[in-house]
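Each chain, letter by letter, is given below.
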Amino acid sequence: MSDPEQPSREAREDPVSEAARRRRRAQFLRELTEARELRDRVQPRRAKTARLRHAMRMRTFRW
């Protein structure tokens, strides 16, 4: 149930908060990519297995 005290999502959005949200999201995605690269360097066998598994999934996926 909606709280009358809380403004709706559309009413709250302004360019400043949207820009801040995009910056935080970009930072998060950069850190996530960095963490994946680190994990791949530390565990190359697991990374290779994951790549092969992903490739198999993509080959069997119907477009």
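Residues numbered from 1 in each chain as written. Predicted model: local features only at pLDDT ≥ 70, side-chain atom pairs only at ≥ 80, totals over all residues. Heavy atoms only, no water.

Q: What is the right way to look at the overall build of the protein in this model?
A: Along its length, the protein carries three helices and zero strands. Looking at the protein residue by residue over its 63 residues, the buried ones come to 3%. Taken as a whole, the protein presents about 6,700 Å² of accessible surface, with 55% of it coming from carbon and sulfur. (Helix = DSSP H or I, 4+ residues; strand = E, 2+ residues; numbered from the N terminus. Buried < 20%, exposed > 50% of the residue type's maximum accessible area, 1.4 Å probe, protein only. Areas by Shrake-Rupley, 256 points an atom, 1.4 Å probe, with all protein chains shown as cover.)

Q: Before we go on, may I ask you to explain the pattern of salt bridges in this structure?
A: When their charged atoms lie close together, side chains carrying opposite charge are able to pair. Scanning the model with the defined rule gives two salt bridges in all. Here R21 makes a salt bridge to E18, at a shortest N to O gap of 3.0 Å. Separated by three residues within a single helix, R21 and E18 lie in helix α2 (residues 15–42), roughly one turn from each other. Of the residues examined, R21 reaches a relative accessible area of 36% and is grouped as partly exposed. Residues E18 and R22 are paired through a salt bridge, measuring 3.4 Å at the closest nitrogen-oxygen approach. (Salt bridge = Lys/Arg side-chain N within 4 Å of Asp/Glu carboxyl O.)

Q: Got a minute to help me understand a negative patch on the surface in this structure?
A: Judged by side-chain charge, E31, E34, E37 and D40 come together as a negatively charged surface patch. If you trace the backbone, D40 turns up in helix α2. Classification of D40 as partly exposed rests on a relative accessible area of 34%. (Patch = residues over 30% accessible without salt bridge, like charges linked within 9 Å, V, L, I, M, F, W, Y side chains within 5 Å. Lys, Arg positive; Asp, Glu negative; His and termini not counted. Charge placed at Lys NZ, Arg CZ, Asp CG, Glu CD.)

Q: Where do I start with the confidence of the model for the protein in this structure?
A: Regions with low pLDDT carry predicted coordinates that are not meant to be interpreted in detail. Taken over all residues, the pLDDT of the protein has a mean of 83, while the share at 70 or more is 78%. The spread of mean pLDDT over the elements of the protein runs between helix α1 (residues 9–12), the lowest at 55, and α2, the highest at 93. (pLDDT = per-residue confidence, 0-100.)

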